Amino acid sequence: MACQSVTAAVMDEQALLGLNPNADAPYRQRAMAYFEQLKESPDAWEVCAKALSQGLYRDDHVKFFCFQVLEHQIKFRHASLSAAQQQLVRETLMKWLQSQLMNAQPEKVFIRNKAAQVFALTFVREYLTLWPKFFFDILSMVGLNPNGVDIYLRTLMAIDAEVVDRDILHSAEDTRRNTLIKDTMREQCNPSLVESWFQILQTYQRSHPELTCQCLEVVGAYVSWIDLNLIANDRFVNLLLAQMSMEELREEACDCLFEIINKGMDPVDKTKLVESLCQALHSAGFFSVEQEEDVDFLAKFSRLVNGMGQSLVLSWTKLAKAGSGKEAGATLQALEAKVPLLLQLLMHEDDDISANVVGFCYDYLHVLKQLPQLTEQQKTHMEAIMLAVIKKLTYDDEYNFENEGEDEAMFVEYRKQLKMLLDRLAQVSPELLLEAVLRVFSNTMQNWQALPFMEVEVAIRLLYMLGEALPASHGAHFSGDTMKTSTLQEMMRTVSHRGLAGAGLWRRGGALRFVVSPQLVSCGVSSYQHTSVSLEFFETVVRYDKFFIVEPQHIPSVLMAFLDHRGLRNNSPKVRSRVAYLFSRFIKTLHKHMNTFVEDILTRIQDLLALAPPENGFTPLLTSDDQLFMFEAAGVLIVNGESPVERKQALMRSLLAPLMDAFQLLLAKLLQETEEEQQASLADALSHAVGFASRTSKAFSNKQTVKQCGCTEVYRDCLHCFLPALSCPVQRGVLRSSVRSFLHRMIICLEEEVLPFIPAASEHMLKDCEAKDLQEFIPLISQITAKFKRQVAPFLQQIFMPLVLAIFEVMARPAEENDQTAALEKQMLRRSYFSFIQTMTGSGINEVMANQGAENMERILFTIIQGAADLPDPVAQKTCFIILSRLVELWGGKDGLVGFSDFIYKHIVPACFLAPLKPSFDLSDAQTVLTLSECALTLKTIHLKQGPEFLQFLQQEYLPSLQVTPQIAQVTPPRPLDPPPCNLWARLVVL
């Protein structure tokens, strides 16, 4: 379609129909094609300029379209426009602006915003050269016309986005240009701009509040880089303060003052500015926070207060570092004077308002931390902040613990901010924090039955948070500092079991100690019927699990809490799930103190260990993931108990036998099941059974092996039970994955006892396998190879080529060109293959490869050469060079494999030189640098094995074939101690 605008100076009306959002697809396509024509033509855009300047169209979409075309010309083709065309752009914009002054109704917002962007782009391109009177022209035209002022203000914000906004990345050239624009504006027009803002704010503050808010936003945006004296003067500030009392303007006025306060300046001047503003705000009554009902305004005001406070902290820091003691003291005094206002806002019932001043509070505490000694006033402030934090940590009645949504998530984040304050308080004065927490905790625990859940929860939460606020190495909170350890111990136990005693203070050895009872473990608070309290109780018990090493007499009562309706049998699934994990941690830490309870615990949790049948519809107390922790805990109890070996074996069998029985029944059902959904459920249950058995094996260690505990036979029975699942014709992925994971564990735990099971298992896993199956199977064979080495050489001799051929077959399967998943699977399989070969060569069983026949051996070696030289995968390349280096070391000498020396010269040496020359060999990538290092090390190994013959080959044959000059070809061997990445060979490769 010919571009009609060029010839007829009119727009394609049919194409314009496609601009309507409801237009049919053909019309929309025609509109897009027309748009591209107008953009690319050197003069076709002029018809859009004409349409805008003469107001030819009323359709908003056409107007927007015209501005888009104009925007493209200015943004991408401005330099190629003729002087007349650039003048046409300016005239178009000014004529359009003039037409807005006469319109009864302003244009739609999206049109005004687009127009402002076009004005801003034109300004950026022409202000320094062609249009130095840009602002004067606009201001003289719009005057105080509301429609014109609106476009003017929007243009200023668009200019800020183009020139000033630090969130937008600019090139170095654009940054220099923008700096020059700001410098020129400072010299020529900023005072006029500021005066226009003042007139707009004063004129329209009552009649057009929306324009006034726009203007306040502009002032806030520009104040960061213009002369502050233009704004921070009595006339302007008094106007802003007056507007803070106007309901429709106060929030924007607050934001504007915040930007003024945030402007970088001399610390003494900043202190004076903040103080003068604070005095004005105080005189106007804004410090009476409790009387203000508008929470939206208070959210803005709290942000302003936070800005003022942090500005004072920054000024104090600079002055203190500079050694300006007098000025620093005055700034600190000003800072202290703001703390009462800070506390009012911090304790406000609206969390958003409170959260806005957390930064100020945190910085203030950081100042106190740096002072050599705290005054009584500062200690009072600290205590008030502690009480405020404790109050604000408390949940409200509306928090939904069973179905947490966005509001709950926001409160959790807010709590994290409060925790930062608590940690800072601990750094400033741990004694004050301990005393405050002790007081709250003691009072709450004495009367927990009569208190609402939120007060009980926060008291326990404070004890929990002390664990991080007062850190200890490896959780050793009950050794070291006497005051801290005694306080924490007393909050974890009861000093007197006879009744409710009060809290007291006493001294021992000169250290202040706190005594309080009853406390967490013995006061019965674990029985409180609320999710939050239950969770916090168990979280705290496990955080301070080492307390029970010091005082093991409390273990039975806590174990009962874990095992009964308070913990693992709680009504809340959320509590049961979390307690299962915490119980496992508790057992692992304290297993040495559990000897007398082992069999009782195993009896009590027996029903929780049952494998849930998939078809009975019964919802178990614990999910399968939760049961993993329970099986691990049971294993730890059995393995680490002091029972005789025979008893341990019996207990482990009683733990695993139900799993094996259930597994056999479920596998038989799966083989008969025809419905796919039920097959998947049965396979999941089978997978869980294997996973549970596997998890028990984590209890064993070098000190307590399977053999020492007499459990070898039990786990051999598990293998006999589980391995038949590998031949199941359905749900193979799930079953193979679970059994393979179990084999990994058994290789570690059973050692040689697992070897008889490996051949049959491998045979099944290699049947009908996909790329992912092979990729996951290879690590198992690699683990066996690395662990048993020559012991498994006969097995590897048999499986090696079937495995390699299976890999080759999967790699050769065709895949869709854009199938990223298939490509990634093949890449990972290729890496696994090379990793397996590396393991073989590194384990000293290279004869397995050598005995595969000449044809097979050659095929394998060429895959390694290809991986080193041609693959655009530095991870695989690095592995291949490691393999080649090892093969040269093994077979590259005089007594090496027959014919391997020829292979070195024909293939390995060229691979070392050609790989770094590939376009994909990116030395800015860390993996590629490691590949280069291994490449150089391979060359070095060749020289060590071949000696002068290798140098002669390079000088007389290979390097000349690469057109390397004789001077460079006269190489000398590297010294033995040269680091591979930096030696001569690496430099030679780069050349």
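Look above for the structure.
Residues numbered from 1 in each chain as written. Predicted model: local features only at pLDDT ≥ 70, side-chain atom pairs only at ≥ 80, totals over all residues. Heavy atoms only, no water.

1. Some remarks on the overall build of the protein
- Across its full length, the protein carries 47 helices and two strands.
- In terms of C-alpha radius of gyration, the protein reaches 39 Å, well past the compact-globule figure of 30 Å for 991 residues.
- Along the first, second and third principal axes, the C-alpha atoms of the protein reach 95 × 95 × 65 Å.
- Every one of the 991 residues in the protein was classed for burial, and the buried ones make up 51%.
- For the protein, the proportion of contacts with a sequence separation of at least 24, taken over those separated by at least 6, is 72%.
- Accessible surface computed for the protein: about 45300 Å², of which carbon and sulfur atoms make up 51%. (Helix = DSSP H or I, 4+ residues; strand = E, 2+ residues; numbered from the N terminus. Rg over C-alpha atoms; globule rule 2.2 N^0.38 Å. Buried < 20%, exposed > 50% of the residue type's maximum accessible area, 1.4 Å probe, protein only. Contact = heavy atoms within 4.5 Å. Areas by Shrake-Rupley, 256 points an atom, 1.4 Å probe, with all protein chains shown as cover.)

2. Quick look at the nonpolar core
- Ranked by internal contacts, the top residues of the largest apolar core, which has 330 residues, are Trp197 and Phe301.
- Setting aside anything within four residues of it in sequence, one finds Phe301 in contact with Met244, Cys254, Leu281, Phe286, Phe287, Val289 and Leu341. (Core = buried A, V, L, I, M, F, W, Y, C linked by side-chain atoms within 4.5 Å.)

3. Considering the side chain of Gln627
- Looking at where Gln627 falls in the secondary structure, it is placed in helix 31 (residues 624–640).
- For Gln627, a relative accessible area of 5% gives the class buried.
- A distance of 3.0 Å separates a polar side-chain atom of Gln627 from the backbone oxygen of Leu608.
- Ignoring sequence-local partners within four residues, the contact set of Gln627 consists of Leu608, Leu609, Ala610, Leu622 and Phe692. (Polar contact = N/O pair within 3.5 Å; in protein donor to acceptor, adjacent residues only side chain to side chain.)

4. Some details on a nonpolar patch on the surface
- On the surface, Leu914, Leu917 and Leu962 cluster together into a nonpolar patch covering about 240 Å² of accessible area.
- With relative accessibility at 52%, the residue Leu917 sits in the exposed group. (Patch = residues over 30% accessible without salt bridge, like charges linked within 9 Å, V, L, I, M, F, W, Y side chains within 5 Å. Salt bridge = Lys/Arg side-chain N within 4 Å of Asp/Glu carboxyl O.)

5. Brief notes about the layout of surface pockets
- The volume enclosed by the largest pocket comes to roughly 530 Å³.
- Looking at the largest pocket, it is lined by 18 residues, and the ones nearest its centre are Glu349, Asp351, Asp396, Asp407 and Phe411.
- Contributions of two or more residues to the lining of the largest pocket are made by helix 19 (351–356), helix 21 (376–392) and helix 22 (406–428).
- The greatest single-element share of the lining of the largest pocket, amounting to seven residues, is contributed by helix 22.
- As a volume, the second largest pocket reaches approximately 430 Å³.
- For the lining of the second largest pocket, a count of residues per class yields eight nonpolar, one polar and 10 charged. (1 Å grid on protein atoms, 1.4 Å probe; cavity = no way out; pocket = protein on both sides within 12 Å on 5 of 7 lines; lining within 4 Å. Points joined across faces, edges and corners; volume = space filled by probe spheres on them. Nonpolar A, V, L, I, M, F, W, Y, C, P; charged D, E, K, R; others polar.)

Scope: geometric values only; no functional claims are made or implied.
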